[in-house]
Amino acid sequence: SGMGLSTRLILLEKAEDVSAISLSSCCTVRDLQLLGSLEEPELSEKTGGRHGILFKGNASKQAGSPELCQVENCLIRNFTGGGITCTDTGYAIRASMNVTDCTILNCGAGINISYFSEYHQFSGVGVQNCYYGCVNNGGNNMFTNCSFSGNSIGFLIDNSRGQSRNNSHGAAVGCTFNHSGNNEGVGIRIL
């Protein structure tokens, strides 16, 4: 827990394929500002390996994953990878993450959920000026009252190469998708 925006964690500039915070079981992250850089990174469709918050399991190897983590009231910005990345946490409801009232700015993907990562819940999350507002390739993920504005692609679901048969079912309720890519981008893209 921090003291709001006055508590800043800044990832070292030279560190690659890392995260500012890696979550383990039953933990809470709240009231922090996470910075991947003091400068806005150059963003492209190939997201980088620097993540704000990483919720990573090893479910595909039949071993355990982190469980029941909370992220609340955080500002996350300037990461080339995901502002919040969920990967390989599996299909168990208990291997989930709840994110509420966060703002994510200038990241490769504001929210990045990979295949084999399910049951995450996002409520009141605002994602702006990222390449991808959200990549949702896992299943049973819930987005409630979230805002995706000014991203090149607001919300991406990609199973174009049949990566997962259990892909991208869930719901986005009361979410907005505005002004993607200076009005030349895509609000919602499904492949």
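Residues numbered from 1 in each chain as written. Predicted model: local features only at pLDDT ≥ 70, side-chain atom pairs only at ≥ 80, totals over all residues. Heavy atoms only, no water.

**Some thoughts on the confidence of the model for the protein chain**
- The pLDDT averaged across the protein chain works out to 87; a share of 94% of its residues lies at or above 70.
- In the model of the protein chain, strand 1 (residues 8-10) stands out as the element of lowest mean pLDDT, 84, in contrast to strand 10 (residues 103-105), which has the highest, 98. (pLDDT = per-residue confidence, 0-100. Helix = DSSP H or I, 4+ residues; strand = E, 2+ residues; numbered from the N terminus.)

**Re the sheet that holds strand 3 (residues 28-30)**
- With parallel pairing, six strands are arranged side by side in an open sheet as 3-6-9-12-15-18. The two strands at the open ends of the sheet, each matched to only one other strand, are strand 3 and strand 18 (170-173). Taken pair by pair, the neighbouring strands of this sheet meet at an average axis angle of 5°, ignoring direction.
- As defined by bridge partners, strand 6 (residues 69-72) adjoins strand 9 (residues 97-100) across four bridges and the pair is classed as parallel. Bridge pairing in strand 9 places C69 opposite M97. (Pairing = 2+ DSSP bridges. Axes fitted to C-alpha atoms, helices over the stretch in contact; angles between N-to-C directions.)

**Some points on the nonpolar core**
- In terms of nonpolar packing, the biggest core is built from 34 residues, with L23, I53, I111 and F143 touching the most fellow members.
- Ignoring sequence-local partners within four residues, the contact set of I53 consists of I21, L23, V29, L34, V71, I76, G83, I84, T85 and M97. (Core = buried A, V, L, I, M, F, W, Y, C linked by side-chain atoms within 4.5 Å. Buried < 20%, exposed > 50% of the residue type's maximum accessible area, 1.4 Å probe, protein only. Contact = heavy atoms within 4.5 Å.)

**Structural notes on the packing of aromatic side chains**
- One pass over the structure, following the stated rule, counts six aromatic pairs.
- Aromatic side chains F148 and F155 sit 5.8 Å apart centroid to centroid with 80° between the ring planes, which places their arrangement in the edge-to-face category. Just as F148 is buried, F155 falls in that class too.
- For the pair F155 and F177, a centre-to-centre distance of 5.9 Å together with 85° between the ring planes defines the contact as edge-to-face. Residue F155 is located in strand 17 (residues 153-157), and its partner F177 is located in strand 19 (residues 176-178); the two are separated by 22 residues in the primary sequence.
- Given the relative accessible area of 26%, F177 is considered partly exposed.
- Taken together through their ring pairs, the aromatic side chains of F122, F143, F148, F155 and F177 make up a single cluster. (Phe/Tyr/Trp six-rings, centres within 6.5 Å; stacked < 30°, edge-to-face > 60°.)

**Thoughts on the pattern of salt bridges**
- One pass over the full model with this rule turns up one salt bridge.
- We note a salt bridge from R30 to E72, for which the minimum N-O separation is 3.1 Å. Linking R30 in strand 3 with E72 in strand 6, this pair joins segments that are 42 residues apart in sequence.
- Residue class for R30 comes out partly exposed when judged on its relative accessible area of 31%. (Salt bridge = Lys/Arg side-chain N within 4 Å of Asp/Glu carboxyl O.)

**Let's talk about the pairing of strand 11 (residues 109-113)**
- Burial analysis of strand 11 places five of its five residues in the buried class, the great majority of the element.
- Both strand 8 (residues 82-87) and strand 11 contribute to a ladder of four bridges, which runs parallel. By the bridge assignment, C86 is partnered in strand 11 with I113.
- By the bridge criterion, four bridges tie strand 11 to strand 14 (residues 132-136) in an arrangement that is parallel. Bridged to I111 within strand 14 is C134.

**Brief notes about the sheet that holds strand 1**
- The strand order across the open sheet built from seven strands is 1-4-7-10-13-16-19, with neighbouring strands paired in parallel fashion. Both edges of this open sheet fall to strand 1 and strand 19, since each of them pairs with a single strand only. Pairwise comparison of adjacent strand axes, ignoring direction, gives a mean angle of 10° for this sheet.
- In this structure, strand 7 (residues 75-77) lies alongside strand 10, joined through three bridges in parallel fashion. Pairing of R77 across the sheet is with L105, part of strand 10.

**Side note on the pairing of strand 14**
- For strand 14, the buried fraction is high: five of the five residues fall into the buried class.
- Pairing analysis gives three bridges linking strand 14 to strand 17, with the strands arranged parallel. Along strand 17, the bridge assignment pairs C134 with F155.

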